[in-house]
Amino acid sequence: MKKKVVLFVRVSTENQELESQIEALKQSAYIDGYSDDDLIVIAKKESGVKLKEAEREGLNELKRVIERNDIDGVYLFELSRLSRDPVTLYSLRDHIFKEKQIQLKCLKPSFSLLEEPDRTKFDTMGSLVFSIFGCFAEQEIIEKKERFHRGREQKAIEGKFAGGRVPYGYRVDEERGNLIVIDEDEASVIRTIFDLYEAGLSQPRIAVELQERGIKYRHYYGNQRNEYKNFTMHFIAHLLKNELLTGRKMKTDGCFERAYPPIISVAQFERCRDIAAANNTSYGKVSNVYYAKSLIVCPECGSKMSAYTGSRYVYRCHNAYQPADGTYSKVVNNWKDCSNKTVISINALDSLLWYLAVEQESQYLWGSAMEDISQFEAKIATIQAKIDAIQPRLKDLESKRSRIVMAFLDGDINKEFKTKKTVELDAQKLEIMKQQIAYEKDIDYFKERIEDIRRLYAVSGDDATAVANGVETIMDVKEKIEKTENDEEKSRLVHKHIKQIQIVKRMIPYQRKAKWIKSTEVEAKYVTVSFFDGSIRYFYLLCNHGSCSKWILSDEQGSVLEDLNIPIVQRFVNTKKREARKAQDEKDDEFKGMYNPKDLQIRGFDAMAKFLCMSGSVGVRRRYAQGFFEDAITVDENGVHIMDAARALEIMKASKNAWIIKILSNFYKVRKKKGK
Ligand SMILES: [Zn+2]
């Protein structure tokens, strides 16, 4: 009996190539002298999910065929069609092909496993392809296994894949009816990006960091992913802006709204937006530098007022806010009785102090700063030495990391250990890099200061134009100092010039903006600032209602002089409060835009109908009778029906009744036209 050959074909279900692959293998067999009668075809279609099972089935059939027939060779399209698992592959190679002297022929790449004619040795090309393939297959199978395993653990989340593009960080889970779920690998990269950004790394720097960690990305287009790419600044910027990562419902590419499972918390997302808005990468240090620390003296007990950061961000006298129940020992804690409950906003006071420090520092630089150059240079040298000292540690961490990855690929350590170790190393690296960024910023600062001084001293005091230039230069210097981002440095400058601050509450006459309001008294904080050069300056802080406060110039007598244009930087913000305020403001605006305040209480059904832009009052009466406006309409002692317009609109907005919806949309249309 003539020997036979097997054509072994396995394709995925999405793949339509089954026939063409069989055809290609046939052609190859014909060339080797076999005819159709000699061919046994094993063809398998497999689903994307039950890979292992399908593979096992295919191989079992192959083994059966080999046992029952006199097989001369096996034809394959690709080695991966046989198995994706290197261990299986090596076992097949040794125990089926070599032992039984069955030739294995592969088309892509083209090779024969055994050296002809006696088939006792491996062909050079054959063994090379095997070992290379082994490496790739291993990596591929590790990835697949993990993704599959994690897929089971995903929580069910609303929204299924409906075609189009799946955002980075998510994937389609075919096993669970095309649910869109978090792709944990990608999500962890996204979290890393947000963490790094929050830690003060710039976007280009994050891109470099990810490249160094060997992290790449690819998009899904439907079920297909494109090839791996290095993270670009553009892609990172896009991610940092991508609000759907917080789980917020959004319109995406398609035209319907959907919520994706959250990867980033709303709070972290907002923090990162703030950083981006401030266009500044020194964020990590901002949080707890208070410029007025230890400068404000309590006028009552004489102790230093401290920063309090609870629901508000204020300086206050520590002693005045001690619990009166004697929870803490007065002796141990060294505090006195004090009733000075005056507080002052940290944002407002720090803004004033920084403004004053910039003024003082520019004057100082103009005066006598040459000697500072050598001091600054010494500082730069010290910092540079620190940066240099960091480098070997960074290199060490990097090589440790690659050793671990290599050990993992070699199979010496398991995935869990690898992950644990790399996470540890990355955290260490991040700490060092944060430090390095801080140092670099300091160096930049001192370098600029030196440059400023040099420019100042290039100007001679006798020459009129030079003096004019000098004035220009001092403006430049001021601008430069104003641009200082480093909060510790800002604080240092404040403390360099300002010796002491006192704050007391006072009522001052103040003309409000609206002309019809009579000049009236208003509470303000009278702030006395003493400088090291001996001068003293006086200010009022006017607080209207919390957020919008304003600095006013004053004098020793406490006169109310001109308004100062000092921007109040909101460095410390209670995000929750701010959000609530913003929402309320928006609501108020919407409300104000719709009707006048005098319309708020509408008397009588006719007036109500008119307010709602309806032709007659019948509709309102009927709805009221049905109880629809129950919360919004009350009856006064004269029997007049009075509608609370705001409440009525709220009720209407919440209604799904077609009539109400129509009335409401007409209401908005007419109001808009009127321009109210
Ligand atoms: Zn006090």
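Residues numbered from 1 in each chain as written. Predicted model: local features only at pLDDT ≥ 70, side-chain atom pairs only at ≥ 80, totals over all residues.

Within the chain one finds 20 helices and 23 strands. When burial is assessed residue by residue, the chain has 22% of its 676 residues classed as buried. Within the chain, contacts between residues at least 6 apart in sequence are counted, and of these 58% link residues at least 24 apart. (Helix = DSSP H or I, 4+ residues; strand = E, 2+ residues; numbered from the N terminus. Buried ≥ 20, exposed ≤ 12 C-beta atoms within 10 Å, placed from the backbone. Contact = placed C-beta atoms within 7 Å.)

The terminal C-alpha atoms of helix α5 (residues 184-198) lie 21 Å apart, and with 15 residues this matches the ideal 21 Å at 1.5 Å per residue to within 8%. Within two residues after α5, Gly200 carries a phi angle of roughly 110 degrees, on the positive side. (Expected span 1.5 Å × (residues − 1).)

Here the focus is unusual backbone geometry. Note that the residue after Glu116, namely Pro117, is joined by a cis bond; omega there is 0 degrees. Structurally, the position occupied by Pro117 is in the loop between β5 (111-112) and α4 (124-153). One non-glycine residue, Gln101, lies in positive phi territory at about 55 degrees. Positive phi values are uncommon outside glycine, yet Arg119 reaches one of about 60 degrees. Arg119 gets classed as partly exposed once you count the C-beta atoms within 10 Å, which come to 19.

For the rest of this paragraph, the subject is the environment of Lys52. Tracing the sequence through the fold places Lys52 in helix α2 (residues 51-68). Taking C-alpha positions, Lys52 is 9.4 Å from Asp85, a pair spaced 33 residues apart along the chain.

A word on the nonpolar core. In this structure, Ala292, Tyr315, Leu349, Leu353, Ile501 and Leu541 are the most contacted members of the largest nonpolar core, which totals 36 residues. Among the elements of the structure, β15 (313-316), α11 (346-368), α15 (487-497), β17 (498-510), β18 (520-531), β19 (536-543) and β20 (549-554) are those that each provide at least two residues to this core. The element contributing the most residues to this core is α11, with nine residues. Beyond its immediate stretch of four places on either side in the chain, Ala292 contacts Tyr315, Leu349, Asp350, Leu353 and Ile501. Core analysis: the next-biggest nonpolar cluster, separate from the first, contains 32 residues, Tyr168, Tyr197, Ala207 and Phe231 among them. (Core = buried A, V, L, I, M, F, W, Y, C linked by C-beta atoms within 7 Å.)

Turning our attention to the environment of Tyr313. Here Tyr313 lies in strand β15. Judged by C-beta crowding, with 20 C-beta atoms within 10 Å, Tyr313 ranks as buried. Between the alpha carbons of Tyr313 and Arg571 there is a distance of 9.7 Å; along the sequence they are 258 residues apart. With near-sequence residues (within four places) excluded, Tyr313 lies in contact with Ser345, Ile346, Asn347 and Phe572.

Attention shifts here to the packing of α5 against helix α7 (residues 233-241). In the contact formed by α5 and α7, the axes pass within 10 Å of each other and the chain directions differ by 90 degrees. As the angle between them shows, α5 and α7 are arranged roughly perpendicular. Note on element contacts: α7 touches α5 through Ile236, Leu239 and Leu240, opposite Ile190, Ile193 and Tyr197. Taken together, the residues of the contact of α5 with α7 break down into six nonpolar, no polar and no charged. (Axes fitted to C-alpha atoms, helices over the stretch in contact; angles between N-to-C directions. Parallel < 35°, antiparallel > 145°, perpendicular 65-115°, else oblique. Nonpolar A, V, L, I, M, F, W, Y, C, P; charged D, E, K, R; others polar.)

The next thing to look at is the sheet that holds β15. Ordered in space as β14-β15-β16, the three strands form an open sheet in which the pairing is antiparallel. The sheet is open, and its two edges are formed by β14 (306-309) and β16 (343-345), each paired on a single side. Put simply, the sheet's adjacent strands are angled 35 degrees from each other on average, direction ignored. The pairing of β15 with β16 spans three bridges and is classified as antiparallel. Residue pairing across strands places Arg316 opposite Val343, the latter belonging to β16. (Pairing = 2+ DSSP bridges.)

Note: strand β6 (residues 170-173) against strand β7 (residues 179-182), four bridges, orientation antiparallel. Looking across to β7, one finds that Val172 is bridged to Ile180. Counted along the chain from β6 to the antiparallel partner β7, the turn is five residues long, and its residue Gly177 has a positive phi close to 65 degrees.

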